[in-house]
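Analysis of the macromolecular model
The lines below spell out each chain.
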Amino acid sequence: HINTYRLLGDIGMEDEEYIEAEEFYRKGISLFEEEKAAGLQGNKNVGKIYASLGDLCYFITGDFDEALKSYKVSVDTDNDTASIRYKMGYIYYTQKEYTEAVDAFIKTVEEKPNDTHALLALGNTLSIRGDNYAAQGYYERLMVLLENQRVRYNIMLPQVNEVHGDIVNVYLMASNNLGVTQYRLAQQIGDSSLNGEALANFTASLRAWDALTRNPETMVRLPGSNLAERNIAYMTAP
């Protein structure tokens, strides 16, 4: 019965009938809460209905507090997935609860070790928290994965191919953020060689920016600058 409410809600989501979908999800959850008081134990299907309500709040209404509450119950009710952990991590990140965000992203990466977006998110959160060594490790792991993807596709057409565009965009951010982390470590431990590595990664980020913004027909690049360019300027003239 509870699972049927979830399936009806999912149909509503697919049809973009979001109010109706939420009503079905909440009816199923209300039924579970009533039966739980009488001793009913939750299972994965019960966890899924909480996850579905969480997704509605996360993607449609933007109510992150309600989404996080639903995701927590889903995880505690035998429905712990990498996707849920990633969204929990993002919510914690926006709330500046970086320790919780790191824990959520680590669980995502443990289940999906080759997920480039999860690795980038984990590296960024560690960096903001000041864990530069750990951040460097995850950024370097991410760069290896991205380089392997680039070699596999050989010719990248980011303006035409959506998959290529995503790879180049993540590469742009990862190489820039790795450069920032290496620069910070150079200042922290006095290893000047890290400054050279930082400049090399900023340059790699610039090349990715160029690939994303240069018109493939006219070869004219869009105006403006990016973070890597500003970081190079900062390093050479603080």
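Quick caveat, the model's predicted, so the values are computed rather than measured.

This part takes up the environment of Thr4. Looking at the secondary structure, you find Thr4 in helix α1 (residues 2-14). In this structure, the C-alpha to C-alpha distance between Thr4 and Gly28, residues 24 residues apart in sequence, is 7.9 Å.

Let us now look at the packing of aromatic side chains. One pass over the structure, following the stated rule, counts nine aromatic pairs. Seen from their ring centres, Tyr58 and Phe64 are 5.4 Å apart, and the 25° between their planes marks the pair as stacked. A relative accessible area of 14% places Tyr58 in the buried class. Site record: aromatic cluster; members linked through ring pairs are Tyr58, Phe59, Phe64, Tyr71 and Tyr90. The ring centre of Tyr153 lies 5.2 Å from the NZ or CZ of Arg152, which sits over that ring.

Here the focus is the nonpolar core. Core analysis: the biggest nonpolar cluster contains 49 residues, and Tyr71, Met88, Leu142 and Leu146 have the highest contact counts within it. The dominant element in this core, judged by the number of residues it contributes, is helix α3 (residues 44-61), at eight residues. Counting residues in hydrophobic clusters, the runner-up holds five residues, among them Tyr183, Ala198, Phe202 and Ala228.

Right, let's talk about the pattern of salt bridges for a bit. For the structure on display, the rule yields seven salt bridges. Asp131 is paired through a salt bridge with Arg129; the nearest N and O atoms lie 2.6 Å apart. Residue classification places Asp131 among the partly exposed residues on the basis of a relative accessible area of 27%. Here the salt bridges share partners, and the residues they tie into one network are Glu22, Arg26 and Glu66.

Let's shift gears to the environment of Ala186. With respect to the helices and strands, the residue Ala186 is situated in helix α9 (residues 162-189). You can call Ala186 buried: its relative accessible area is 6%. Separated by ten residues in sequence, Ala186 and Gly196 have C-alpha atoms that sit 9.6 Å apart. With residues near it in sequence (within four places) discarded, Ala186 still touches Asp191, Leu194 and Asn195.

Calculation rules
Residues numbered from 1 in each chain as written. Predicted model: local features only at pLDDT ≥ 70, side-chain atom pairs only at ≥ 80, totals over all residues. Heavy atoms only, no water. Helix = DSSP H or I, 4+ residues; strand = E, 2+ residues; numbered from the N terminus. Phe/Tyr/Trp six-rings, centres within 6.5 Å; stacked < 30°, edge-to-face > 60°. Buried < 20%, exposed > 50% of the residue type's maximum accessible area, 1.4 Å probe, protein only. Lys NZ or Arg CZ within 6 Å of the ring centre and 35° of its normal. Core = buried A, V, L, I, M, F, W, Y, C linked by side-chain atoms within 4.5 Å. Salt bridge = Lys/Arg side-chain N within 4 Å of Asp/Glu carboxyl O. Contact = heavy atoms within 4.5 Å.

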